[in-house]
Amino acid sequence: MQQAIAILDSGVGGLTVAKEVMRQLPQEKIIYFGDTARTPYGPRPAEEISRFTHQIVDYLLQFQPKMIVVACNTATAIAIEEIRARLTIPVVGVIHPGARAAIKTTRNHHIGVIGTEGTIKSSAYEHALRQISPQIQVVSLACPSFVPLVERGMFRTDETTRVVEESLSELRNYPIDSLILGCTHYPFLADIIGSVMGSRVTLISSADETAREISTILYHKGMLATSNIVPVHQFFCSGEPRMFKSIAQTWLNEQIKVTPVVWQVPNII
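Residues numbered from 1 in each chain as written. Predicted model: local features only at pLDDT ≥ 70, side-chain atom pairs only at ≥ 80, totals over all residues. Heavy atoms only, no water.

(A) Highlighting the overall build of the chain. On a plain count of helices and strands, the chain comes out with twelve helices and ten strands. With the C-alpha coordinates of the chain rotated into their principal frame, the extents come out at 50 × 40 × 35 Å. Taken over 269 residues, the chain has a buried fraction of 55%. If you take every contact in the chain between residues at least 6 apart in sequence, the share linking residues at least 24 apart comes to 78%. When the 24 basic and 24 acidic side-chain charges of the chain are each reduced to a single mean position, those positions are 4 Å apart. (Helix = DSSP H or I, 4+ residues; strand = E, 2+ residues; numbered from the N terminus. Buried < 20%, exposed > 50% of the residue type's maximum accessible area, 1.4 Å probe, protein only. Contact = heavy atoms within 4.5 Å. Lys, Arg positive; Asp, Glu negative; His and termini not counted. Charge placed at Lys NZ, Arg CZ, Asp CG, Glu CD.)

(B) Region of interest: helix H2 (residues 46–61). End to end, H2 covers 22 Å across 16 residues, agreeing with the expected 22 Å (1.5 Å per residue, within 8%). Where H2 is buried, its residues touch strand E1 (5–9), strand E2 (30–34), strand E3 (67–70), helix H3 (73–86) and strand E9 (233–237). (Expected span 1.5 Å × (residues − 1).)

(C) Focus on the UniProt feature "active site" (unreviewed entry) in the chain. Those places that UniProt annotates as "active site" (unreviewed entry) correspond, in this numbering, to Cys72 and Cys183. Considering the C-alpha atoms alone, the annotated residues occupy 112 residues of sequence yet fold into one spot, their largest mutual distance being 6.7 Å. Its location among the elements puts Cys72 in the loop between E3 and H3. Residues in contact with Cys72, not counting those within four places in the same chain, are Leu8, Asp9, Ser10, Tyr41, Val94 and Thr184. Looking at the element boundaries, Cys183 is found in the loop between strand E7 (178–181) and helix H9 (190–197). Those residues in contact with Cys183, other than ones at most four positions away along the chain, are Asn73, Ile114, Thr116 and Val147. (UniProt positions renumbered as here; feature names shortened; annotations may be inferred.)

(D) The arrangement of the sheet that holds strand E10 (residues 261–264) in detail. As summarised here, the arrangement of the six strands in space is E4-E3-E1-E2-E9-E10, forming an open sheet in which the pairing is parallel. Unpaired on one side and paired on the other, strand E4 (91–92) and E10 mark the two borders of the sheet. Examined bridge by bridge, E1 and E3 share four bridges and lie parallel to one another. Each residue of the ladder has a partner; that of Ala6, found in E3, is Ile68. Against the sheet, H2 engages E1, E2, E3 and E9, with an angle of about 155° to E1. (Pairing = 2+ DSSP bridges. Axes fitted to C-alpha atoms, helices over the stretch in contact; angles between N-to-C directions.)

(E) The domain arrangement of the chain, seen in detail. Structurally, the chain comprises domain 1 (5–94 + 208–260) and domain 2 (95–206). A straight line from the C-alpha centre of domain 1 to that of domain 2 covers 21 Å. Facing the 29 residues of domain 1 at the interface are 28 residues of domain 2. Across the domain 1 to domain 2 interface the summed buried area is about 2000 Å²; carbon plus sulfur atoms make up 58%. Its largest share of buried area at the contact with domain 2, domain 1 owes to Asn73, Val94 and Glu209, together 28% of the area lost on that side. If you look at where domain 1 meets domain 2, you find two salt bridges. As a salt-bridge pair, Arg100 and Glu213 come within 2.1 Å of each other at their nearest N and O atoms. (Domains from an automatic or database assignment. Buried area = accessible area lost by both parts, 1.4 Å probe. Salt bridge = Lys/Arg side-chain N within 4 Å of Asp/Glu carboxyl O.)

So this is what it looks like as structure tokens:
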């Protein structure tokens, strides 16, 4: 039960999920892998994303985690069923939790989804939403320029504001009242996205709902950590570590003030 929860992402986006897990489940150890050397995943062919995801999972399995969390929406849409088929431990994605959160939030049954090209092309959110509520109206939009901005730490610059405004201009013509941030990088830009979309639109991040799903699964399987020892989290990135570490320290601020963190750069590529 003291084994870690392994979280993987194409870069820093999955830190939004890691932060919620650390907040909701403070006794759980986290091993995080951000594939910063090969981000973004969105424009890549499906077979390449699948290969990268399997490669990272194989790397993480050496630590014998009790659960794998695919915190990348693109990887979830393309590879999660393959990962589940080959592992005996629970594998959690971020798409269905995000869809459930949006269904709970919407009042007029019009939901928007923004994500990477790969996620939007897969129609994964649309399928997940309509599985729960067939009458839901969904409008989806790829925003490929957002992930590179986040990976460069450009959360509140004038350039970022301009890019977000231009990217979301057509979405504002639809009567949506809830907008799924269908990429775990996008919550880093939530202030600007929220300002552009206006107060009538509620932003939905899958991070909170995903952490609740992780907690529920571990509880029902009797796998929650029981030790009172403060866990030591491990954070890996495949690319240049300075920006990754800077973004992670800023985002996880309160969580890592009381929890030791080890920063490492693996060689898997």
